[in-house]
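# Survey of secondary and tertiary structure
Here is what each chain is made of, one letter per residue.
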Amino acid sequence: KVESPLTFKDTTSRGNISCKEAPRKLIGRIRPIMKRIDSSQLQDTFPWLSKGGHYTPSSCTPREKTAIIFPFRDRHRHLHTLLLNLLPVLKRQDVDFTLFVIEQEKRTLFNRGLLFNVGFMEALKLGDFDCFIFHDVDLIPLFDTNFYHCNESPTHFLGGVDKFKYGLSYKDLFGGVVSFTRSQYKRINGASNMYFGWGAEDDDMRIRIRQKNMEIVRTDKSVGLYDMIKHHREESNPTNPIRSWLLSSGAKRLAVDGLNTLEYQRISVQILPLYTWIKVQVDAYQ
Ligand code: GDU
């Protein structure tokens, strides 16, 4: 049994003041800091972060409890640079958050969608989260007015990325950074577990949302801009050769491929100073 990182403060001490949608301390456009930073420097930079990567504002009551989930393998440098940039944004936005790094051990090809599902299930074992934000580690937000909230519909936070001249690679993109309330995520039965390797798991998720007659909210391009940390594709995440075939039958599989069929072995759960780190092993082709 793992002790939860969530040492929630007594909310009565903050009175009945609800946190504002757009706190006055927001500054708008931020200059990204793309430097390398190690975990002890990060801890020194953010002394207000509680163990397990938890924070809750002390002066107002936040609208929701948010789990931020990073699908992860071998990208510590990206993760640290992202945290250096993202943590001040979340604090200025008065988000009540806990950070979860979900790492897939090397035995099988990387499976981003399956790691979303693991993050969702494991986070709920540790806290009563209302909102889930799934965040690639290589995307740095450029505006603190890009709100890390859940909305009435699943939300895509990217309006544009530097790699695509601050546009998107295609209109319907649902990759990068997305949010779901707990019930929205359950309604689509989470992500497909079947996409091993790079590509199309995000398109599959978009199809699930549409299949369940939900809209997708997209952050406006005026604030939803990100810089991507440059990187090469890892050998353990090659382009998935059957992604188009999987996608063509995606809608039919919604009910039989997702949260309700998720299988993984939990190797460890560590409540670290910067984040809750969950390592899992996944078998190929579930
Ligand atoms: N990742 C790792 N280690 C890996 C591979 C991937 O940690 O070895 C995680 C990271 O969080 C990473 C994310 O998965 O940010 C996406 O992988 P890549 O960065 O390699 O892929 P792209 O930059 O091409 O990302 C785009 C979208 C993603 C996703 C992906 C297709 O931004 O959201 O849809 O294509 O799989």
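What you see is a predicted model; the values in this text were computed from it and never measured.

Let us now look at the site of the ligand. Taken together, 19 residues are adjacent to the ligand, and P71, R73, R112, D136 and G176 come closest. The backbone of G176 places a nitrogen or oxygen atom 2.7 Å from an oxygen atom of the ligand. Protein chains shield 94% of the accessible area of the ligand, which is 670 Å² for the free molecule. Of the pockets mapped on this structure, the ligand occupies the largest pocket. Those elements that place two or more of their residues in the shell around the ligand are β2 (65–72) and α5 (201–211). Residues that form the shell around the ligand fall into these classes: six nonpolar, five polar and eight charged.

Further remarks concern the nonpolar core. Ranked by size, the top nonpolar core spans 37 residues in total, and within it F70, F97 and Y148 carry the most contacts. Elements with a contribution of two residues or more to this core: β2, α2 (76–92), β3 (96–104), β4 (131–135), β5 (139–141) and β10 (225–228). The dominant element in this core, judged by the number of residues it contributes, is α2, at seven residues. By size, the runner-up hydrophobic cluster in this structure holds 33 residues, among which are I102, L115, F120 and I216.

What follows deals with the environment of G197. Here G197 shows up in the loop between α4 (182–187) and α5. On a C-alpha basis, the gap between G197 and P241 in space is 8.5 Å, while along the polypeptide they are 44 residues apart. Excluding residues that lie within four positions of it along the chain, G197 makes contacts with L109, F110, N237, P238 and N240.

Our focus in this paragraph is the side chain of H78. Looking at the element boundaries, H78 is found in helix α2. Sequence-distant contacts of H78, that is, excluding residues within four places in its chain, are made with V137, D138, I229, K230 and H231.

Right, let's get into the sheet that holds strand β7 (residues 160–161). Ordered in space as β5-β10-β7, the three strands form an open sheet in which the pairing is mixed. Two strands in the sheet have a free side with no partner beyond their single neighbour: β5 and β7. Bridge count for β5 against β10 is three bridges, and the pairing is antiparallel. Among the inter-strand pairings, L139 is bridged to a residue of β10, identified as M228.

Another point: the pattern of salt bridges. One pass over the full model with this rule turns up 20 salt bridges. E64 serves as the salt-bridge partner of R63, at 3.8 Å between the closest nitrogen and oxygen. Taking the relative accessible area as the measure of exposure, E64 reaches 11% and is therefore buried. R75 is the salt-bridge partner of E234, the closest N and O atoms lying 2.5 Å from each other. One end of the pair, E234, is in the loop between β10 and α6 (243–248); the other, R75, is in the loop between β2 and α2, and 159 residues separate them in sequence.

Reading guide: rules and limits
Residues numbered from 1 in each chain as written. Predicted model: local features only at pLDDT ≥ 70, side-chain atom pairs only at ≥ 80, totals over all residues. Heavy atoms only, no water. Near = heavy atom within 4 Å. Polar contact = N/O pair within 3.5 Å; in protein donor to acceptor, adjacent residues only side chain to side chain. Areas by Shrake-Rupley, 256 points an atom, 1.4 Å probe, with all protein chains shown as cover. 1 Å grid on protein atoms, 1.4 Å probe; cavity = no way out; pocket = protein on both sides within 12 Å on 5 of 7 lines; lining within 4 Å. Sits in = over half its atoms within 2 Å of the grid points. Helix = DSSP H or I, 4+ residues; strand = E, 2+ residues; numbered from the N terminus. Nonpolar A, V, L, I, M, F, W, Y, C, P; charged D, E, K, R; others polar. Core = buried A, V, L, I, M, F, W, Y, C linked by side-chain atoms within 4.5 Å. Buried < 20%, exposed > 50% of the residue type's maximum accessible area, 1.4 Å probe, protein only. Contact = heavy atoms within 4.5 Å. Pairing = 2+ DSSP bridges. Salt bridge = Lys/Arg side-chain N within 4 Å of Asp/Glu carboxyl O.

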